[in-house]
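# Inside the fold
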Amino acid sequence: MDIAQVARRSGVAAHTLRYYEKKGLISATRGAGGRRYFSAAVEEQLALIALGQAGGLSLDEIGSMLTPDQTHPT
């Protein structure tokens, strides 16, 4: 899906999607001309981000949960 489709389906503004991508919360591939394309999984990721925000978590906290640091010992 391109960024306009994701924005329309999720209700998240395109500028917010670009910000989430910059912060590493979601990822996109680039097509011809540099257009962003997202997988269908982005909708689930956006739902998790919204849930975290509703729970009072910061984007940094949400990001650490979505992409845990692999260097920490278990």
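Described in the following lines is the structure provided in the data block. Bear in mind the structure is a predicted one, so any value in this text is a computation, not a measurement. (Residues numbered from 1 in each chain as written. Predicted model: local features only at pLDDT ≥ 70, side-chain atom pairs only at ≥ 80, totals over all residues. Heavy atoms only, no water.)

### Comments concerning the environment of lysine 23
Note that lysine 23 resides in helix α2 (residues 14-23). By relative accessible area, which is 35% here, lysine 23 ends up partly exposed. C-alpha of lysine 23 to C-alpha of glutamine 45: the two residues are 22 residues apart in sequence and 13 Å apart in space. The contacts of lysine 23, once residues within four sequence positions are left out, are Leu59 and Asp60. Within the structure, lysine 23 has its side chain in polar contact with the side chain of aspartate 60 (distance 2.7 Å). (Helix = DSSP H or I, 4+ residues; strand = E, 2+ residues; numbered from the N terminus. Buried < 20%, exposed > 50% of the residue type's maximum accessible area, 1.4 Å probe, protein only. Contact = heavy atoms within 4.5 Å. Polar contact = N/O pair within 3.5 Å; in protein donor to acceptor, adjacent residues only side chain to side chain.)

### Brief notes about the packing of helix α1 (residues 3-10) against α2
At a closest axis distance of 9 Å, the pairing of α1 and α2 adopts a crossing angle of 110°. Taken together, the axes of α1 and α2 lie roughly perpendicular to each other. Touching Ile3, Val6 and Ala7 of α1 are Ala14, Leu17 and Arg18, all from α2. In terms of residue class, the contact of α1 with α2 is built from 5 nonpolar, no polar and 1 charged. (Axes fitted to C-alpha atoms, helices over the stretch in contact; angles between N-to-C directions. Parallel < 35°, antiparallel > 145°, perpendicular 65-115°, else oblique. Nonpolar A, V, L, I, M, F, W, Y, C, P; charged D, E, K, R; others polar.)

### As for the side chain of aspartate 2
Here aspartate 2 is to be found in the segment before α1. By relative accessible area, aspartate 2 is classed as buried at 14%. The residues touching aspartate 2, leaving out its near neighbours within four places in the chain, are Arg35, Arg36, Tyr37 and Phe38.

### Let's talk about the environment of glycine 52
The residue glycine 52 is located in helix α3 (residues 42-54) in this model. In this structure the C-alpha to C-alpha distance between glycine 52 and glycine 63, which are 11 residues apart in sequence, comes to 9.8 Å.

### Quick word on the pattern of salt bridges
Note on pairing: side chains with opposite charge can pair once their charged atoms come close. If you walk through the whole model with that rule in mind, you get 5 salt bridges. Through salt bridges with shared partners, a single network forms among Glu21, Arg30 and Arg36. (Salt bridge = Lys/Arg side-chain N within 4 Å of Asp/Glu carboxyl O.)

### Details of the nonpolar core
Of all hydrophobic cores here, the largest spans 14 residues; its most connected members are Leu17, Tyr20, Ile26, Leu46 and Ile49. Breaking this core down by element, the ones donating at least two residues are α1, α2, α3 and α4 (59-66). Once residues lying within four places of it in the same chain are set aside, the contact partners of leucine 17 are Ile3, Val6, Ala7, Val12, Ile26 and Leu46. (Core = buried A, V, L, I, M, F, W, Y, C linked by side-chain atoms within 4.5 Å.)

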